[in-house]
Number of protein chains: 2
Amino acid sequence: MEDKVLLAHGSGGKLSHELIENNFVPLFKNALLDRMDDSAVFDVNGRLAFTTDSYVVSPIFFPGGDIGKLAICGTVNDLSTSGATPLYLSLALVIEEGFPLADLRRVIASAAAAAEEAGVKIVTGDTKVVDRGSADRLFINTAGIGVIAPGLDISGSNATPGDVVILSGPIGQHGMAVLCQREGLRFSAPIESDCAPLNRLVADMLAASRAIHSLRDPTRGGLATTLNEMAKQSKVGIRIVEDKVPVLNPVRGACELLGFDPLYVANEGRMIAILPAAEAEAVLAGMRANRYGAEAAVIGEVVAEHPGKVVMTTRLGATRVVDMLVGELLPRIC
Amino acid sequence: MEDKVLLAHGSGGKLSHELIENNFVPLFKNALLDRMDDSAVFDVNGRLAFTTDSYVVSPIFFPGGDIGKLAICGTVNDLSTSGATPLYLSLALVIEEGFPLADLRRVIASAAAAAEEAGVKIVTGDTKVVDRGSADRLFINTAGIGVIAPGLDISGSNATPGDVVILSGPIGQHGMAVLCQREGLRFSAPIESDCAPLNRLVADMLAASRAIHSLRDPTRGGLATTLNEMAKQSKVGIRIVEDKVPVLNPVRGACELLGFDPLYVANEGRMIAILPAAEAEAVLAGMRANRYGAEAAVIGEVVAEHPGKVVMTTRLGATRVVDMLVGELLPRIC
């Protein structure tokens, strides 16, 4: 049983300390975490962003990522949507008794690598172990803090008629990658999750223009649900053009085969930006110079008509309403 | 199934929005949360404390509290141990499909009441639903941010020989309350959890003396484990006196019957303070004026001998080493 997580690893006693000191602290090495008090302490001045997400993805390893990378990128991206520079993250684990320690180390190493890439520090954490059968392998929660530069005002409620809608890259990869892995489906062209930290992409966008109105990453519920949220928050209409929304062929093929609409499939490395049309070229140029925005494109516009609703001009030239996701498409996708 | 949590409540789509807007937002009502962006945004200046904990207690309702109250108090108390004034909390739920909505509402109402008592705001959150059997009812994660007044330096590594060790009240109630509820044990004098937000108690202590060296709440692993952590962090010895450590009679009786040592049983509303002996009377007076510190007492001292170790003078006058918890006493106690 030495190579498995035991209930005692979550006791708060000796085994908890050993697990954390031997496996976690060395990978996340930073002075704030090393202090080992119940809270991390640091100086910050100005406007902060604060967010949290729990990650329950199944399976925990999938092409293009794993639950550790996802837990870092998801929270980094949520902070980025407020225009914040992500700085500090917490990491809390709920582990099922018997979970292989080797898998835990792999997840933690992946989280550490994603944090390194994003330039954020894991400064506080928690480890709980539940009895076998009381959780499915591993759940992770991260919360994060970022700092917003003075003068920035980015919110889902700032979209204005006349704005354009920019999408940073093709949709549907994360959801289909996880689904194919879960169901053991293999296609000739394998689908990889787009899971990535987008804070540097957002920094490049803000360097190009500080007039960005709204940012949002289209995760659960996909592009369709996120655009609906933004339309409702801003009390505007959004019109997108089907032909302009990029979908990779393997994703399109898998979606057609399995009966999914890519508009509703989760992404973990894509950003939607809404901004004045006059800023679009500069922002697109900034995005395309970043590896995570190479395929950025204008996919639509904000209109005064049909406030709170999203419509799409289809390939056939028709217009249809694109509603928020109803029901559940793919449970445990993130 | 209308009265149960469905997978679709975690989809990020329509049902997620309805669940959150109808059940959570009204109870946590505050302008930061109402913004409904992916991050909460607020201004803070100075030294911050940041912490996280996941809560997996079983059963989720127990005498003296529930998982909602616990999730707020635990994080408020962790922030308080750095001398911070807790301000903002996140709240993230992992819910098992089929969990009764009435129970969820009860937990959320309890969390809201605890936040209200502590004077903290829930400003951001997340809701995930996993398929039946993939989690045991409900897990909660909270993270929190607090502000530390200039000049305060409180850390588990600041204990100094000559300091006294103060405990805010009797030990072992939370662990035994949860255990008795879990196992259906009934004693003539029922045991209630001590679960409570201690930030105002800590404020009263700091009003009495800003020279407090270390604060720590003895949760998982109990008083014994927490004192060991402090002794190791500060590289000092700690000596406590068994007779001075308060244990309520019902807790002592239940522990004796069931073979537990109250020193290792979890608390959720107790604070350990280590401070110069000259400050003890003032701090004790400040504590005793607070409902959560009415029974505060000096239970021991910090010594230069046996650094990293805790010893106890027993009722019989002998001295024994009090080690950190080894193994797991009571899984899922918090």
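None of these values were measured; they are calculated from a predicted model.

Asks: Lay out the sheet that holds strand S10 (residues 272–276) of chain A in plain terms, naming residues and giving numbers.
Replies: All names here are of chain A. Read from one edge to the other, the open sheet built from seven strands follows the order S8-S10-S7-S11-S9-S12-S13, with strand pairing classed as mixed. The outermost strands of the open sheet, each flanked by one partner alone, are strand S8 (214–216) and strand S13 (319–322). Pairwise comparison of adjacent strand axes, ignoring direction, gives a mean angle of 25 degrees for this sheet. Sheet topology note: the strand S12 (residues 310–313)/S13 ladder contains four bridges and is antiparallel. Opposite Thr313, over in S13, you have Thr319 as the bridge partner.

Asks: Account for the domain arrangement of chain A, naming residues and giving values.
Replies: All names here are of chain A. Taken as a whole, chain A is organised into domain 1 (7–148) and domain 2 (163–321). Computed over C-alpha atoms, the centres of domain 1 and domain 2 are 27 Å apart. Of the residues lining the interface, 22 residues belong to domain 1; the matching set on domain 2 comes to 23 residues. When domain 1 packs against domain 2, the two sides together hide about 1,800 Å² of surface, and 58% of this comes from carbon and sulfur. Inspection of the domain 1/domain 2 interface yields one salt bridge. Here Glu117 ties to Arg291 by a salt bridge, and the two come within 3.9 Å at their closest N and O atoms. Between domain 1 and domain 2 we count 10 residue pairs in polar contact (both at pLDDT 80 or more) in total. Secondary structure elements with two or more residues in the side of domain 1 that touches domain 2: strand S2 (61–62), helix H3 (67–80) and helix H4 (101–118).

Asks: Describe a nonpolar patch on the surface, with residues and values.
Replies: All names here are of chain A. A surface patch of nonpolar side chains, about 250 Å² in accessible area, is lined by Leu185, Leu257 and Leu258. Tracing the sequence through the fold places Leu258 in helix H8 (residues 249–258). Residue classification places Leu258 among the partly exposed positions, given a relative accessible area of 32%.

Asks: Tell me about the packing of aromatic side chains, and name the residues and values.
Replies: Counted under the stated rule, the structure contains six aromatic pairs over all chains. Aromatic side chains Phe42 of chain A and Tyr88 of chain A sit 4.0 Å apart centroid to centroid with 25 degrees between the ring planes, which places their arrangement in the stacked category. Remark: Tyr88 of chain A occurs in strand S4 (residues 84–96) and Phe42 of chain A occurs in strand S1 (residues 40–55); sequence separation between them is 46 residues. Ring centres of Phe50 of chain A and Phe42 of chain B lie 6.4 Å apart, and the angle between their planes is 80 degrees; this geometry places the pair in the edge-to-face category. Taken together, the residues Phe50 of chain A in strand S1 and Phe42 of chain B in strand S1 (residues 40–55) connect one chain to another. You'll find Phe50 of chain A and Phe42 of chain B in the same group, each marked buried. Connected via pairs of aromatic rings, a cluster forms that spans Phe42, Phe50 and Tyr88 of chain A together with Phe42, Phe50 and Tyr88 of chain B. Directly above the ring of Phe61 of chain B sits Arg106 of chain B, whose terminal nitrogen or CZ lies 3.6 Å from the centroid. Lys128 of chain B extends its terminal NZ or CZ atom over the ring of Tyr55 of chain A, reaching a point 5.7 Å from the ring centre.

Asks: Tell me about the nonpolar core, and please be specific about residues and values.
Replies: Core analysis: the largest hydrophobic core is formed by 103 residues, its most contacted members being Ile72, Leu104 and Ile238 of chain A. A domain split of this core shows at least three residues from each of domain 1 (7–148) and domain 2 (163–321) of chain A. If sequence neighbours within four positions are ignored, Ile238 of chain A has contacts with Val165, Leu227, Met230, Ala231, Ile274, Glu301, Val302, Val303, His306, Lys309, Val310 and Val311 of chain A. Leu101, Val164, Ile212 and Val245 of chain B belong to the second largest nonpolar core, which has 102 residues in total.

Asks: Which residues make up the pattern of salt bridges, and what are the values?
Replies: What the rule picks out here adds up to 40 salt bridges over all chains. For Asp323 of chain A, the salt bridge goes to Lys14 of chain B, with nearest N and O atoms at 3.2 Å. Remark: Lys14 of chain B occurs in helix H1 (residues 14–24) and Asp323 of chain A occurs in the segment after S13; the pair is interchain, linking two chains. Under the relative-accessibility criterion, Asp323 of chain A is labelled partly exposed at 31%. By relative accessible area, which is 32% here, Lys14 of chain B ends up partly exposed.

Asks: Which residues make up the packing of helix H1 (residues 14–24) of chain A against H4 of chain A, and what values go with them?
Replies: All names here are of chain A. Contact geometry of H1 with H4 gives a least axis separation of 11 Å together with a crossing angle of 50 degrees. With respect to H4, the axis of H1 lies oblique. The two elements H1 and H4 cross, and the hand of that crossing is right-handed. Packed against H1, whose contacting residues are Leu19, Asn23 and Phe24, the element H4 presents Leu101, Leu104, Arg105 and Ile108 at the interface. A per-class count over the contact of H1 with H4 returns five nonpolar, one polar and one charged.

Asks: Can you tell me about the relation of the copies chain A and chain B, naming the residues and giving the values?
Replies: The operation relating chain A to chain B is a screw motion whose rotation component is 180 degrees, with 0.0 Å of axial translation and a residual RMSD of 0.0 Å. Interpreted geometrically, this transformation is the action of a two-fold axis. Take the interface residues of chain A: 100% of them recur as interface residues in chain B, which is what a same-surface contact looks like.

Thresholds applied
- Residues numbered from 1 in each chain as written.
- Chains lettered and ligands numbered in written order.
- Predicted model: local features only at pLDDT ≥ 70, side-chain atom pairs only at ≥ 80, totals over all residues.
- Heavy atoms only, no water.
- Pairing = 2+ DSSP bridges.
- Helix = DSSP H or I, 4+ residues; strand = E, 2+ residues; numbered from the N terminus.
- Axes fitted to C-alpha atoms, helices over the stretch in contact; angles between N-to-C directions.
- Domains from an automatic or database assignment.
- Contact = heavy atoms within 4.5 Å.
- Buried area = accessible area lost by both parts, 1.4 Å probe.
- Salt bridge = Lys/Arg side-chain N within 4 Å of Asp/Glu carboxyl O.
- Polar contact = N/O pair within 3.5 Å; in protein donor to acceptor, adjacent residues only side chain to side chain.
- Patch = residues over 30% accessible without salt bridge, like charges linked within 9 Å, V, L, I, M, F, W, Y side chains within 5 Å.
- Areas by Shrake-Rupley, 256 points an atom, 1.4 Å probe, with all protein chains shown as cover.
- Buried < 20%, exposed > 50% of the residue type's maximum accessible area, 1.4 Å probe, protein only.
- Phe/Tyr/Trp six-rings, centres within 6.5 Å; stacked < 30°, edge-to-face > 60°.
- Lys NZ or Arg CZ within 6 Å of the ring centre and 35° of its normal.
- Core = buried A, V, L, I, M, F, W, Y, C linked by side-chain atoms within 4.5 Å.
- Parallel < 35°, antiparallel > 145°, perpendicular 65-115°, else oblique.
- Left-handed = near helix turned anticlockwise from the far one by under 90°.
- Nonpolar A, V, L, I, M, F, W, Y, C, P; charged D, E, K, R; others polar.
- Least-squares fit on C-alpha atoms with pLDDT ≥ 70 in both.

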